[in-house]
Amino acid sequence: MHIKQVVIEGFKSYKDQTIIEPFSENINVVVGANGSGKSNFFHAIRFVLNDVSTSLSQQERQKLMHEGAGHAVMSAYVEIVFDNTDQRLPFDRDEVRLRRTIGKNDEYTVDKKKITKTEVTNLLESAGFSRANPYYVVQQGKITKLSQIKDHERLELLKEIGGTNVYEERRRTSEKLLHEAEGRRLHIADMMGTMGEKLA
């Protein structure tokens, strides 16, 4: 799975619809002069793929929309088109479109079908996109930092990149539910024992 195309409209410096393609399935490098929009491009991708900008207020959403000459932008969206020929995303099709739109509301869609933020998070993490450590987008200064981290930090990073943490989190949640259920079972058994003694 890899990004095939990015479509941006009304987001930050991208007023008109801008289509960026093609992308390599391996490594992509974005270069350009200062002010050419590199940071906004990275921000657009992270805006869709992780929780850098979740739970936005109306004012925060407004700040992300293009401000400039001409008519005011009322909404903005970023859409990422994935090549899904390896079926890492659980859809029986070779191309999947994930879009986030902001305006009066903040909405996500997958192939034009609305989904919740939680569903987006679970979908992306199961495919290996880390919510906490988005190293699939490496910005300036990160390379040096990655080369200097300690071994246990590197192991945690590999777990994040591999998408295994989502399963560990679910396991912890399941264990907590089992523990709570066992506590209730013991409480009920104690109550039954007390009632049995009173009836004897």
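Anything mentioned here points back to the structure above.
Definitions and limits used
Residues numbered from 1 in each chain as written. Predicted model: local features only at pLDDT ≥ 70, side-chain atom pairs only at ≥ 80, totals over all residues. Heavy atoms only, no water. Buried < 20%, exposed > 50% of the residue type's maximum accessible area, 1.4 Å probe, protein only. Helix = DSSP H or I, 4+ residues; strand = E, 2+ residues; numbered from the N terminus. Pairing = 2+ DSSP bridges. Salt bridge = Lys/Arg side-chain N within 4 Å of Asp/Glu carboxyl O. Core = buried A, V, L, I, M, F, W, Y, C linked by side-chain atoms within 4.5 Å. Phe/Tyr/Trp six-rings, centres within 6.5 Å; stacked < 30°, edge-to-face > 60°. Lys NZ or Arg CZ within 6 Å of the ring centre and 35° of its normal.

## Concerning the pairing of strand E5 (residues 106-110)
So, step 1. Summarising burial for E5: 4 of the 5 residues are buried, a large majority.
So, step 2. Sheet topology places strand E4 (residues 95-102) next to E5; 5 bridges connect them, and they run antiparallel. From the neighbouring strand, Leu 98 faces E5, where its bridge partner is Val 110.
So, step 3. Between E4 and the antiparallel strand that follows it, E5, lie 3 residues.
So, step 4. Pairing between E5 and strand E6 (residues 113-115): 3 bridges, direction antiparallel. From the neighbouring strand, Thr 109 faces E6, where its bridge partner is Lys 114.
So, step 5. Linking two consecutive strands that pair antiparallel, namely E5 and E6, is a turn of 2 residues; a positive phi of about 50 degrees is found at Asp 111 within it.

## What about the pattern of salt bridges?
So, step 1. Tallying each qualifying case throughout the model produces 11 salt bridges.
So, step 2. Between Lys 117 and Asp 106 there is a salt bridge, and its shortest N-O distance comes to 3.5 Å. With a gap of 11 residues between them, Lys 117 in helix H3 (residues 117-126) and Asp 106 in strand E5 connect regions that are remote in the sequence.
So, step 3. Residue classification places Asp 106 among the buried residues on the basis of a relative accessible area of 19%.
So, step 4. A salt bridge links Glu 107 to Lys 114, with the shortest nitrogen-to-oxygen separation between them at 3.2 Å.
So, step 5. Within the structure, one salt-bridge network assembled from shared partners comprises Lys 4, Glu 79, Glu 95, Arg 97 and Arg 99.

## Some thoughts on the nonpolar core
A general trend in soluble globular proteins is that nonpolar side chains are found buried together.
So, step 1. Counting residues in each nonpolar core, the largest one holds 34 residues, and the members touching the most others are Val 6, Leu 49 and Phe 82.
So, step 2. For this core, the element with the highest residue contribution is helix H1 (residues 38-49), accounting for 7 residues.

## Digging into the packing of aromatic side chains
So, step 1. Using the criterion set out here, one finds 3 aromatic pairs in the structure.
So, step 2. Ring geometry for Phe 11 against Phe 47: centres 5.0 Å apart, planes inclined by 40 degrees, an arrangement best described as tilted. In this pair, Phe 11 sits in the loop between strand E1 (2-9) and strand E2 (18-20) while Phe 47 sits in helix H1, placing the two residues 36 residues apart along the sequence.
So, step 3. Look at Phe 11 and you get buried, because its relative accessible area is 0%.
So, step 4. Both rings, one in Phe 41 and one in Phe 42, keep their centres 6.1 Å apart while their planes meet at 55 degrees; by these two values the pair is tilted. Taken as a pair, Phe 41 and Phe 42 share a single burial class, namely buried.
So, step 5. Grouping aromatic residues by their ring pairs yields a cluster made of Phe 23, Phe 41 and Phe 42.
So, step 6. The ring of Tyr 77 is capped by Arg 99, whose NZ or CZ atom sits 3.8 Å from the centre of that ring.
So, step 7. Lying over the aromatic face of Phe 47, Arg 100 brings its terminal NZ or CZ to 4.1 Å of the ring centre.

By themselves, these are just geometric observations and shouldn't be taken as functional.
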